[in-house]
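# Geometric and topological summary
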Amino acid sequence: MTSLPWWKEAVIYQIYPRSFFDTNGDGEGDLPGITSKLEYVQQLGVDAIWLSPFYTSPNKDGGYDVADPRDVDPRFGSLNDAKALIHRAHELNLKVLADIVPNHFSDQHKWFQAALHAAPGSAERARFHFYDAHLDGTPPNNWISLFGGPSWTQVPDGQYYLHLFDSSQPDLNWDNADVKEDFEKTLRFWLDLGVDGFRIDVAHGLVKEDILKNHHDPQGLSNALRLDYPMEPDERNELLLSVPYFDRQGVHEIYRSWRNIFDSYGDREIMAVAEAWVHPPINATKYVRADELHQVFNFDLLTAPFEAAHLFEVINRSIELNASVNALPTWALSNHDSPRVASRIGDQPSCALALFVLALPGSNYIFAGQELGLPDGELQDNDRQDPSFVRSGGLVKGRDGARVPLPWSGDSTPFGFTAGTPWLPLSQSWQPYTVENQEKDAESILNLFRRALSIRRENLLVGQNIQWLESPLHGTKGGSILAFKRGSITVVMNVSDSENVIELAGNVVLASFSSMQVNTAIKLLPARSCIWISN
Ligand code: NOJ
Ligand code: CA
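Note that the structure is a prediction, hence the values are computed from the model and not measured. (Residues numbered from 1 in each chain as written. Chains lettered and ligands numbered in written order. Predicted model: local features only at pLDDT ≥ 70, side-chain atom pairs only at ≥ 80, totals over all residues. Heavy atoms only, no water.)

## Considering the overall build of the protein
To keep it simple, the criterion reads: The helix and strand labels rest on DSSP assignments: H or I over at least four residues marks a helix, E over at least two residues marks a strand, and numbering proceeds from the N terminus. Radius of gyration here is computed from C-alpha atoms only, and the compact-globule reference equals 2.2 Å multiplied by the residue count raised to the power 0.38. Working definition: with a 1.4 Å probe on protein chains only, accessible area under 20% of the residue-type maximum means buried, over 50% means exposed, and in between means partly exposed. Only heavy atoms matter for contacts: two residues are in contact if any of them lie within 4.5 Å across the pair.
When helices and strands are tallied, the protein shows 15 helices and 20 strands. On C-alpha atoms alone, the protein measures out to a radius of gyration of 23 Å, which is about the 24 Å that the 2.2 N^0.38 rule sets for 535 residues. Referenced to the eigenvectors of the C-alpha coordinate spread, the extents of the protein come out at roughly 75 × 55 × 50 Å. Residues classed as buried in the protein amount to 59% of the 535 residues present. For the protein, contacts bridging at least 24 residues in sequence account for 68% of all contacts bridging at least 6.

Okay, here's the thing in structure tokens:
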């Protein structure tokens, strides 16, 4: 009997290394810190970890500005520490995904330094997007960086280079053979070191076309790309369909060639997941066609309001679109780029929604700290380090709130995270969230996640479809109940602010509210809650 590949429906735990656990007292998490906490991760019941970048980097964009993709930044440890981490993870039956950042390098990468010292038109400059200024000295086009400000920075000889993100992150030219070859080398480097796959940063951005063409509404586009910017859905949609630098057809050729590399590792079952924010949503499925990548992130739930009609629509759409290419969806409620779900929609809704999506077909990505119900950190502006805060002149608060280090133990901040001063402050109000406190409390969110993952593993079969029982489209509960059945488990979520009567037989095996209230004959489902019933 052949078993299914490990990554189908895997639950993957995202670790932001700088914020996980510090072993040397410098206030920043490190690789030995992750290794020392892998048993905790294993006991959660996840299948794999995804590590945000830990490569050599000046850290202008949280390590997504890579100066040497085949080495470890001293702030995180050494290559030997990376090996030890992978080795220990495998001993604990955890797979390891590394983050690969192919859209850009850091300006400190030796190639970019060489490009700066080389002449316009040189082979060194051809690895990036260097162009002459317009006659009036303005940049080659009017694109705005995703972190605010122009997408172009001028060098002393007058040429400009393109950077979709910070000026310290020059975009690579994927038409250049050196670039392709170097990334293949990097993929093999980490695979040979033992990683089981990759999360691909800005997977939709690598190929650029019509670089010299202006966009008709660069400011509108920049606003539309900001998730926190209020805009009429139709207007946003139209602008997002016109992004000139994302989702060009050429990216798929790159992933087909990467797939050959992954497959060459045979029964290691190497997998990759694309970070691809693309429009319309059907385009995301192209990244998971049979000869490309294995998974593509679905970001709908990072912004979805806690409303039945909206949730039903985005969840159902993702299942159906993925099915059209024979792939399974992915679900994520939080990551290092967006507000934590507990802060965005509230404690109870975030717990209910987590249980709801953990029972859906597909992979779940859990951002470290989500299992503790952590909110965003409370930061002062002078704590903030995100380049989007700096480049927008403080207009955009940035992503630091979600990156505050984890609270592990003890009664006072920084709750065991570090013996020194944490790189972002942990609020004293986080005491109830510590791992130590939650481990002691059978009713804690941490223990709820552990139970959910264990029931999921035992009862939900990979590839098993769902059948909607209640949806705003054909439901009877005034659009406040969403329910589906998957094998022997029925999942019911009440999104309304009042309790709701339900009529379902079976035993409640999991509830997002205190299990004291769980009993076999439940008829009233509390406001903003979710239960799993076993039939
Ligand atoms: C997406 C990453 O998740 C984010 O943190 C980073 O700033 C950008 N890509 C640029 O690499
Ligand atoms: Ca450290």
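## Points about the site of ligand 1
Rule in force here: In this text, near means that some heavy atom of the residue lies within 4 Å of the molecule or strand in question. As used in this structure description, the phrase polar contact means that two N or O atoms lie within 3.5 Å; if the pair is within protein, one of them must be able to donate a hydrogen and the other to accept it, and residues adjacent in sequence are counted only when both atoms belong to side chains. For every accessible area listed, the method is Shrake-Rupley and the probe measures 1.4 Å; residues are considered covered only by the protein chains on display. Gly is placed with the polar residues, together with every amino acid not listed as nonpolar (Ala, Val, Leu, Ile, Met, Phe, Trp, Tyr, Cys and Pro) or charged (Asp, Glu, Lys and Arg).
Taken together, the neighbourhood of ligand 1 is formed by 13 residues, with Asp61, Asp201, His336, Asp337 and Arg399 sitting nearest. Within the side chain of Arg399, an N or O atom sits 2.9 Å from an oxygen atom of ligand 1. In isolation ligand 1 offers 290 Å² of accessible surface; the protein chains occlude 97% of this area. Considering only residue class, the shell around ligand 1 consists of 4 nonpolar, 2 polar and 7 charged.

## Looking at the coordination of the calcium ion (ligand 2)
So the rule is basically this: For Na, K and Ca the donor cutoff is 3.2 Å, while for all other metals N, O and S atoms count as donors only within 2.8 Å; water does not appear among the atoms, so some sites may look incomplete.
Looking at the calcium ion (ligand 2), the protein donor atoms are Asp22 (OD), Asn24 (OD1), Asp26 (OD), Glu28 (O) and Asp30 (OD), and they sit 2.3 to 2.4 Å from it. Look at where the donors of the calcium ion (ligand 2) fall in the sequence and you get D-x1-N-x1-D-x1-E-x1-D. Since its relative accessible area comes to 36%, Asp26 is described here as partly exposed.

## What to know about the domain arrangement of the protein
The criterion, for reference: Residue ranges assigned to each domain were obtained from an automatic or database domain assignment. We define buried area as the total accessible area lost by two parts upon association, computed with a 1.4 Å probe and summed across both. When a carboxyl oxygen of Asp or Glu is within 4 Å of a side-chain nitrogen of Lys or Arg, the pair counts as a salt bridge.
Taken as a whole, the protein is organised into domain 1 (11–105 + 178–452) and domain 2 (462–534). The C-alpha-based centres of domain 1 and domain 2 are spaced at 29 Å. On the domain 2 side, the residues contacting the 24 residues of domain 1 number 26 residues. A buried area of about 2100 Å², summed over both sides, lies between domain 1 and domain 2, and 76% of it is on carbon and sulfur atoms. If you sort the residues of domain 1 by the area they bury against domain 2, Ala308, Phe312 and Phe356 come out on top, with a joint share of 30%. Applying the counting rule to domain 1 against domain 2 returns 0 salt bridges. Taken together, domain 1 and domain 2 are joined by 5 residue pairs in polar contact (both at pLDDT 80 or more). Of all the elements in the fold, those that place two or more residues in the side of domain 1 that touches domain 2 are helix H10 (308–323), helix H12 (347–358) and helix H15 (445–459). Grouping the constituent residues of the side of domain 1 that touches domain 2 by class yields 19 nonpolar, 2 polar and 3 charged.

## Details of the state of the cysteines
Spelled out, the test is: The criterion for a disulfide is a pair of cysteine sulfur atoms lying within 2.5 Å.
Counted under the stated rule, the structure contains 0 disulfides. Cysteine Cys351 remains unbridged, with the sulfur of Cys530 as its closest cysteine sulfur at 9.8 Å. Since its relative accessible area comes to 11%, Cys351 is described here as buried. Its relative accessible area of 0% is what places Cys530 among the buried residues.

## Notes on the nonpolar core
To be explicit about the condition: What makes a nonpolar core is a set of buried Ala, Val, Leu, Ile, Met, Phe, Trp, Tyr and Cys residues whose side-chain atoms join them at distances within 4.5 Å.
In this structure, Tyr13 and Trp532 are the most contacted members of the largest nonpolar core, which totals 144 residues. If you count residues domain by domain, this core takes at least three from each of domain 1 (11–105 + 178–452) and domain 2 (462–534).

## Quick word on H10
Operational definition: Take the residue count of a helix, subtract one, and multiply by 1.5 Å to get its expected span.
With 16 residues, H10 extends 22 Å between its outermost C-alpha atoms, agreeing within 8% with the 22 Å of an ideal straight helix rising 1.5 Å per residue. In the core, the buried residues of H10 are packed alongside helix H9 (300–303), strand E12 (330–332), H12, strand E14 (467–470), strand E15 (481–486) and strand E16 (489–494).

## Overview of the sheet that holds strand E6 (residues 130–131)
Test applied: Here a strand pair is declared whenever DSSP counts at least two bridges between the two strands.
One open sheet holds the 3 strands; their spatial order is E6-E8-E7, and the pairing between them is antiparallel. Each edge of the open sheet is held by one strand with a lone partner, namely E6 and strand E7 (152–154). Bridge analysis of E6 against strand E8 (residues 160–162) gives 2 bridges, and the strand direction is antiparallel. Residue pairing for E8: Phe130 is matched across the bridge by Tyr161.

## So, empty space enclosed by the protein
Condition: The method works on a 1 Å grid over the protein atoms by themselves. A cavity is a set of points holding a 1.4 Å probe that cannot get out, a pocket is an open set with protein on both sides within 12 Å along at least five of seven lines, and residues with an atom within 4 Å of a point line them. Grid points are joined across faces, edges and corners, and a volume is the space filled by probe spheres set on the points.
The full count for this structure, using the stated rule, is 7 cavities of 30 Å³ or more. If you add up the space inside the largest cavity, you get close to 100 Å³. Along the walls of the largest cavity sit 13 residues, with Val341, Ala342, Ser350, Gln370 and Gly373 positioned nearest its centre. Broken down by secondary-structure element, the contributors of at least two residues to the lining of the largest cavity are helix H11 (341–345), H12 and H15. By residue number, the principal contributor to the lining of the largest cavity is H12, which donates 4 residues.

## What to know about the pattern of salt bridges
For the coordinates displayed, the defined rule picks out 30 salt bridges. Note that Asp166 is salt-bridged to Arg391, the shortest N-O span being 3.9 Å. You can see Asp166 sitting in the loop between E8 and helix H5 (177–193) and its partner Arg391 sitting in helix H13 (residues 387–391), a full 225 residues away along the chain. With relative accessibility at 9%, the residue Asp166 sits in the buried group. Look at Arg391 and you get partly exposed, because its relative accessible area is 25%.

## Brief notes about the sheet that holds E12
If you walk across this open sheet you meet the 8 strands as E11-E10-E9-E5-E2-E1-E13-E12, and the pairing is parallel. The open sheet has two edge strands with one neighbour each: strand E11 (295–296) and E12. Judged from the 4 bridges that link them, strand E1 (residues 11–15) and strand E2 (residues 48–51) form a sheet pairing that is parallel. Of the residues in E2, the one forming a bridge with Ile12 is Ala48.

## A short note on the environment of Asp107
By secondary structure assignment, the location of Asp107 is in the loop between strand E5 (95–100) and helix H4 (110–117). Judged by relative accessible area, Asp107 falls into the buried class, the value being 15%. Residues Asp107 and Asp166, 59 residues apart in the sequence, show an inter-C-alpha distance of 9.8 Å.

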